[in-house]
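Below are the chains, spelled out letter by letter.
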Amino acid sequence: MLAALGLEHGHHLSVEKVDLRPPGPHDVVVRVGASGVCHTDVAVLGGHLPLPLPLVLGHEGAGVVTEIGSAVTSVAVGDRVIGSVGAVCGTCWYCVRDMTHLCDNSLAMTSAPRVTRADGTEVPAFAGLGTFAEAMTVHEASVVPVTTDLPDEQLALIGCAITTGLGAVFNTARVKPGSSVAVIGSGGVGQAVIQGARIAGAARIIAIDPLEKKRSASLTSGATDTIDPTATDPADEVRRLTGGRGADYTFEVVGNPTTITQAWEATRRGGTIALVGMPSVDATITMSAFQLASDDKRLCGSLYGGTQARRDIPLIIELAETGRLDLASMVTRRVALHEVNDAIRALDAGEQIRTVVV
């Protein structure tokens, strides 16, 4: 089968023939129907997230189970499934306290080699998935079975962008109806945050992005206002739109120290800042300790949107099936697996909201 492998940091993916390893007792084989191209894959390939290579990249996907291991109980052959970022053991300290996105045993369940290259090299998969492939062998705890008629290209986005964005709204920040929301970064995850804020009943949703295409898409997703940060100070403009106070909730979806600072400045006293974008491991921010205490703001990390995958993914599908959540508009380009490097180039250039490998 074909898979796209990251072999060296800073280089293109290698799309090559590999042998898929057979499933172990708790593994399942999934025929991949679609895979979203996410900035986190770009960060791994570029070395900003220093994971060792080689890896089969891709972590946002959906497909059909074609084979299961002898001890698998959660899915069956023929089930449609969505890949979940990070396997969930269900028994560790975090899992039993409804924080499965922080599962202590996730890495151990997802680090096994999954494909073998022509030279005999055994290669693991990013996040235990490796969706940039025709098929993937994964731990059963890495997939969520779903019953829906939604197409794979839409289900794939639920695996990361949608759950991360909606989770940040509902799980991390807990946006209240009638509130004001600012979103810095209007790519795939940012669009999901905007849609989540709309679903939550936010009265004013301010999308901040330097690219006109993304600002226009934000208005379709539910933004009431847009700001070009290259034309004005975004924090000043957010305050102007919110009675001089700043937003009740600000979501930073870039992962950059400059925009994290902007998010803090754009938020009112007593407001909430959710850090949704993934910074590089060496990124730092500096801020006034006095202001941190006296402004009474809540600065929150938001890993995977605090998503509890088996609980939240079916709810997200319900929102899509009933028309409350628009997944179709987020898919702005479709490519074949051999075109994945151009999809990554386009993502880096900000040309698309979400490209899907089909």
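Structure: above.
(A) View of the pattern of salt bridges. Per the stated rule, a full pass over the model turns up 16 salt bridges. For Asp 27, the salt bridge goes to Arg 114, with nearest N and O atoms at 3.0 Å. In this pair, Asp 27 sits in strand E4 (residues 27-36) while Arg 114 sits in strand E8 (residues 113-116), placing the two residues 87 residues apart along the sequence. What makes Asp 27 buried here is its relative accessible area of 10%. Assessed through its relative accessible area of 7%, Arg 114 is described here as buried. Taking the shortest distance from any N to any O, the salt bridge between Arg 334 and Glu 153 comes out at 2.8 Å. Here Arg 334, found in strand E18 (residues 333-335), pairs with Glu 153, found in helix H3 (residues 152-173); they are 181 residues apart in sequence, far enough to count as distant.

(B) Region of the structure containing a nonpolar patch on the surface. A surface patch of nonpolar side chains, about 290 Å² in accessible area, is lined by Ile 285, Met 287, Leu 292 and Leu 299. The residue Met 287 is located in the loop between strand E16 (267-275) and helix H8 (289-294) in this model.

(C) Fine view of helix H1 (residues 39-46). Along H1, the residues classified as buried are Asp 41, Val 42, Ala 43, Val 44 and Leu 45. On its buried side, H1 packs onto strand E1 (2-6), E4, strand E5 (55-56) and helix H10 (340-348). Looking at the residues trailing H1, positive phi occurs at Gly 47, about 85°.

(D) Main features of the pairing of strand E7 (residues 80-83). Bridging between strand E6 (residues 61-68) and E7 involves three bridges; their strand directions are antiparallel. Each residue of the ladder has a partner; that of Val 64, found in E7, is Arg 80. In this sheet, strand E11 (residues 143-146) lies alongside E7 in antiparallel orientation, the contact comprising four bridges. Each residue of the ladder has a partner; that of Gly 83, found in E11, is Val 143.

(E) View of the sheet that holds strand E2 (residues 14-17). Strand order across the open sheet formed by three strands is E2-E1-E5, with antiparallel pairing between neighbours. Strands at the two margins of the open sheet, each flanked by one partner only, are E2 and E5. Bridge count for E1 against E5 is two bridges, and the pairing is antiparallel. Opposite Leu 5, over in E5, you have Val 56 as the bridge partner.

(F) A look at the packing of aromatic side chains. Taken as a whole and assessed by the stated rule, the structure comprises one aromatic pair. An angle of 80° between the planes, with centres 5.1 Å apart, marks the rings of Trp 93 and Tyr 94 as edge-to-face. What makes Trp 93 partly exposed here is its relative accessible area of 47%. Over the ring of Trp 264 we find Lys 297, and its NZ or CZ is 4.5 Å from the ring centre.

(G) Here's a closer look at unusual backbone geometry. With omega at 10°, the peptide bond leading from Leu 53 into Pro 54 counts as cis. With respect to the element layout, Pro 54 can be found in the loop between H1 and E5. In this structure, Arg 174 is a non-glycine residue whose phi angle is positive, near 55°. By the secondary structure assignment, Arg 174 is in the loop between H3 and strand E12 (180-184). With a phi close to 55°, Tyr 304 is a non-glycine residue in the positive phi region. Mapping Tyr 304 onto the fold places it in the loop between strand E17 (298-301) and helix H9 (309-321).

Conventions used here
- Residues numbered from 1 in each chain as written.
- Predicted model: local features only at pLDDT ≥ 70, side-chain atom pairs only at ≥ 80, totals over all residues.
- Heavy atoms only, no water.
- Salt bridge = Lys/Arg side-chain N within 4 Å of Asp/Glu carboxyl O.
- Helix = DSSP H or I, 4+ residues; strand = E, 2+ residues; numbered from the N terminus.
- Buried < 20%, exposed > 50% of the residue type's maximum accessible area, 1.4 Å probe, protein only.
- Patch = residues over 30% accessible without salt bridge, like charges linked within 9 Å, V, L, I, M, F, W, Y side chains within 5 Å.
- Areas by Shrake-Rupley, 256 points an atom, 1.4 Å probe, with all protein chains shown as cover.
- Contact = heavy atoms within 4.5 Å.
- Pairing = 2+ DSSP bridges.
- Phe/Tyr/Trp six-rings, centres within 6.5 Å; stacked < 30°, edge-to-face > 60°.
- Lys NZ or Arg CZ within 6 Å of the ring centre and 35° of its normal.

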